[in-house]
There are 2 protein chains.
Amino acid sequence: MEHDLSINIDRLLGRLAELAEIGAIEGTEGCARLALTDEDKAGRDLVVTWMTDLGLEVSVDGIGNVIATMPGEGPPVMTGSHIDTVRTGGRYDGNLGVLAGLEVIETIQAAGITPARRFAVGFFTDEEGSRFAPDMLGSLVYVGGMPLEEALDISGIDGAIVGEELERIGYAGSAPLPGPSPHSFVELHIEQGPVLEIEDVTIGAVDGVQGISWTEVEVVGQSNHAGTTPMGLRKDPGFVAAACANFARELALELGDPQVATVGRIDLHPNLVNVVAATATFTVDLRNTDEATLQESEQRFAEFLEKTASAEGCTVETRTLARFEPVIFDPAVVDIVESASSNLGYSVKRMPSGAGHDAQMFARVCPTAMVFTPSVNGISHNPAEYTSPEDLEAGANVLLHTMLALANLETT
Amino acid sequence: MEHDLSINIDRLLGRLAELAEIGAIEGTEGCARLALTDEDKAGRDLVVTWMTDLGLEVSVDGIGNVIATMPGEGPPVMTGSHIDTVRTGGRYDGNLGVLAGLEVIETIQAAGITPARRFAVGFFTDEEGSRFAPDMLGSLVYVGGMPLEEALDISGIDGAIVGEELERIGYAGSAPLPGPSPHSFVELHIEQGPVLEIEDVTIGAVDGVQGISWTEVEVVGQSNHAGTTPMGLRKDPGFVAAACANFARELALELGDPQVATVGRIDLHPNLVNVVAATATFTVDLRNTDEATLQESEQRFAEFLEKTASAEGCTVETRTLARFEPVIFDPAVVDIVESASSNLGYSVKRMPSGAGHDAQMFARVCPTAMVFTPSVNGISHNPAEYTSPEDLEAGANVLLHTMLALANLETT
């Protein structure tokens, strides 16, 4: 019975541990494999070895995406994620989705199952965007969202060029881009947030990705002596920044979940105890799964900023750092994730992703959804990132049975 | 008629310009002569030459204060200020008070006037505190507020030791400390704030110095992903900092002038657009001329901080960076400054000083007040610091006639 089929958690944990040794951050469980560095190359080589050992056909395209497909014909049911990490990364973010994909394939091979549609697993270049902006670069190029030539010219935080680094580490492949559309795509990932853990739910059936609006605000006022300048005569950009951070909080609470608003960066100049600041530069990160509400939050924030700065006698310049509309995953695929979870006896919750993922790029070209597993304390991008073996096993089993169900779908 | 006596503004401007050449900041009108550096030594040597040229008796004490006194007997009517500057200083802050004192003495010498009490002019070591903390160090030691031995052991931001630097530049003198109390003390200084300019008043008759309360606050929360962490699950120290900066503004407005409150420094960590901060470190600068109200502002701020941090699930540590009680100058001396201004036809306003000055140390040992002249745009500690020649002349004339009136006082 296919429903009894289960992945081998020890094998999955073993591969996670072996990959985490590459770029390991001493004294922690975490690792650092920034995209297209020597550490990334070593991680890629290891995963490609595992792909080859399973008898998969490995292709490498011009942006360095690596996709391993079971032999056969036709668009595969694809899974995958990324193996690059942030500078202080954990061992699960991205890696889980890739290695669980390998585990799914090894599991059906061992069980002698040949699904109606073949499976594929890929890892996509520079998902984190920590070295080269934008993030999700490889999957973006795969689905035709950016021309390859443009992507190859991108320079990173260390001055390195994507195209040169791909050549240097031997991952400038020749598979065509944009890549062929899979039959469907499903990605397993850690939640990177606290919701599943707090609600004591094992599986997130991810029905979309929040839209993201990042704005950098520079407020210019008048630097003054903090002792000799009466309150009524101030033009204090630090006050404007604080008032906006306060307003962002109020706005998010008023709009309600899933709206979030974060002022994570504030830089005052000259940033001294006894000087009214001359300038304040800060960022606001607004997210919602609903585009109309996201736009409302942007507009109301902009109005408050203008009004407050004007009343304070300050001038304002804003710059959009990032703007992505919300992504809605295919409801039929989300249903399959939910059913697979329930059938396996796991608690499950439909939820949006607050972070960006490669799956959102594939949603442009094929039916797509994601599977989330809990993150202890909601921590990620941190060596302390952790998901229990039981939850990893649950997530990989849901991935397995979701892919089997997708392979058996009558319609495409 | 003594009332017709006037200082020579061209001579004063000439000395201001000549002193400003030492440590000049290229391309600006400003200068950098941090305390006890080679530039400070060169400035000191120049001013001592001018003191000697006027036939004054020059004494140097163990902390490097230099006082030039007219020959004769008895406690002098003293004026003075400082010639050290901040790293990006202007040419008026401090220097004006010293060179106007020389100008007053040269003026009465030229007029053949021998006042009933002799005059003295001094410059006091490390008033700015930019290299060695605390500020107003020289005048503090002069009035017995800190033992000389303790002051000589102070190490600076560059690791230099006060005592070693004094020996090195040849200003470790032998005049006794604490120094002899003058008959009275009056200091001319630029306002360093915008009040006189905005109210179109020429002279400030300074009746006291605001009390100062500086606190550094460190708020520790929980760093989280800005996209995946719902608002209700956050422990955001950045929000606590913003709320406190907002509250400080409201509190100062509610308490009314002369209360001021400034959050001039905010440091979030990791300070990234898409990360709820782990920690926020910020400062609050509270000032008032009334000690009871200053204490009320401290207490209410502390209560708000505790309440807000607690509601956010954050912990707080505070550290007092500085705490000075308000200083009240001698009303009789303030009256003399006011009368001298009116007699000369200048508009005048009693006002507190928002910044600290050497005069506040002398207020501990003798009748003291200050004279303020306008600062264009309220700017100081900046090469763009500027006071018009007319206002400089007015200030020096008020200093002259205040000192003459003090010299003729029947009582001490």
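The sections below set out a description of the structure shown in this document. Since we're looking at a predicted model, the values are computed, not measured.

**Brief notes about the overall build of chain A**
The helix and strand inventory of chain A stands at twelve helices and 16 strands. For a compact globule of 412 residues, the expected C-alpha radius of gyration is about 22 Å, and chain A comes in at 23 Å, within 12% of that figure. The dimensions of chain A, computed from C-alpha atoms along their principal axes, are 80 × 45 × 40 Å. Considering chain A as a whole, with its 412 residues, one finds that 58% of them fall into the buried category. Across chain A, contacts joining residues at least 24 apart in sequence account for 77% of those joining residues at least 6 apart.

**Considerations on unusual backbone geometry**
Excluding glycine, residues mostly carry a negative phi; peptide bonds, for their part, are mostly trans. Residues and elements named next belong to chain A. Cis geometry is adopted by the peptide bond preceding Pro 134, which originates at Ala 133 and carries an omega value of 0°. Cis geometry marks the peptide bond from Asp 257 to Pro 258, where omega comes out at 5°. Mapped onto the elements, Pro 258 comes out in the loop between helix H8 (237–255) and strand E9 (260–262). Backbone geometry places Asn 377, a non-glycine residue, at a positive phi of 60°.

**Observations concerning the packing of helix H1 (residues 9–20) of chain B against helix H3 (residues 95–110) of chain B**
Residue and element names in this part refer to chain B. Look at H1 against H3: their axes get within 10 Å of each other, and the N-to-C directions meet at 135°. Accordingly, the angle class assigned to the pair H1 and H3 is oblique. H3 is crossed by H1, and the crossing has right-handed handedness. The residues of H3 that touch H1, namely those facing Arg 11, Leu 12, Arg 15, Leu 16 and Leu 19, are Asn 95, Leu 96, Leu 99, Ala 100, Leu 102 and Glu 103. Of the residues assigned to the contact of H1 with H3, the class counts are seven nonpolar, one polar and three charged.

**Some remarks on the relation of the copies chain A and chain B**
Between the two copies, chain A and chain B, the superposition gives an RMSD of 0.2 Å; the rotation angle is 179° and the shift along the axis is 0.1 Å. The relationship between the two copies is best expressed as a two-fold rotation axis. The position closest to the rotation axis in chain A is occupied by the C-alpha of Ala242(A), lying 2.2 Å away. Both copies share a contact surface, since 100% of the interface residues of chain A are interface residues in chain B too.

**With respect to the interface of chain A and chain B**
Taken together, the contact between chain A and chain B spans 50 residues of the former and 50 residues of the latter. Looking at the side of chain A that touches chain B, the elements with two or more residues in it are helix H7 (195–199), strand E7 (211–220), strand E8 (224–225), H8, E9, strand E10 (266–269), strand E11 (275–276) and strand E12 (279–288) of chain A. Split by residue class, the side of chain A that touches chain B holds 26 nonpolar, 18 polar and six charged.

**Things to note about helix H3 (residues 95–110) of chain A**
Each α-helix turn comprises 3.6 residues. Residues three or four places apart therefore point the same way. Residue and element names in this part refer to chain A. In a regular helix each residue adds 1.5 Å, so 16 residues correspond to 22 Å; H3 covers 22 Å between its end C-alpha atoms and thus fits that length. The element H3 is largely enclosed, with a buried count of twelve among its 16 residues. Those residues of H3 not exposed but buried are Asn 95, Leu 96, Gly 97, Val 98, Leu 99, Ala 100, Gly 101, Leu 102, Glu 103, Val 104, Ile 105 and Ile 108. The first or second residue beyond H3 is Gly 112, which carries a positive phi of 70°.

**Considering the environment of Gln109(A)**
Note on placement: Gln109(A) falls in helix H3. Gln109(A) sits 26 residues away from Ile83(A) along the chain, and the two C-alpha atoms are 24 Å apart.

**Observations regarding the environment of Thr202(B)**
Residue and element names in this part refer to chain B. Mapped onto the secondary structure, Thr 202 falls in the loop between helix H7 (195–199) and strand E6 (203–209). C-alpha of Thr 202 to C-alpha of Ala 311: the two residues are 109 residues apart in sequence and 49 Å apart in space. When sequence neighbours within four positions are dropped, the list of residues in contact with Thr 202 reads Tyr 346, Ser 347, Pro 374, Asp 391 and Ala 394.

**So, the pairing of strand E4 (residues 119–123) of chain B**
All names here are of chain B. Of all the five residues making up E4, five are buried; the element is thus mostly covered by neighbouring parts of the structure. Where burial is concerned, the two faces of E4 agree: the one with Phe 119, Val 121 and Phe 123 and the one with Ala 120 and Gly 122 are both buried. As paired strands, strand E2 (residues 66–69) and E4 are joined by four bridges and run antiparallel to one another. Bridging from a neighbouring strand, Ala 68 pairs with Val 121 of E4.

**Focus: helix H8 (residues 237–255) of chain B**
All names here are of chain B. Helix length check: H8, at 19 residues, gives a terminal C-alpha distance of 26 Å against a target of 27 Å (1.5 Å per residue), a fit within 8%. The element H8 is largely enclosed, with a buried count of 16 among its 19 residues. Downstream of H8 by a residue or two, Gly 256 has a phi angle that is positive, lying close to 80°.

What counts, and where the lines are drawn
Residues numbered from 1 in each chain as written. Chains lettered and ligands numbered in written order. Predicted model: local features only at pLDDT ≥ 70, side-chain atom pairs only at ≥ 80, totals over all residues. Helix = DSSP H or I, 4+ residues; strand = E, 2+ residues; numbered from the N terminus. Rg over C-alpha atoms; globule rule 2.2 N^0.38 Å. Buried ≥ 20, exposed ≤ 12 C-beta atoms within 10 Å, placed from the backbone. Contact = placed C-beta atoms within 7 Å. Axes fitted to C-alpha atoms, helices over the stretch in contact; angles between N-to-C directions. Parallel < 35°, antiparallel > 145°, perpendicular 65-115°, else oblique. Left-handed = near helix turned anticlockwise from the far one by under 90°. Nonpolar A, V, L, I, M, F, W, Y, C, P; charged D, E, K, R; others polar. Least-squares fit on C-alpha atoms with pLDDT ≥ 70 in both. Expected span 1.5 Å × (residues − 1). Pairing = 2+ DSSP bridges.

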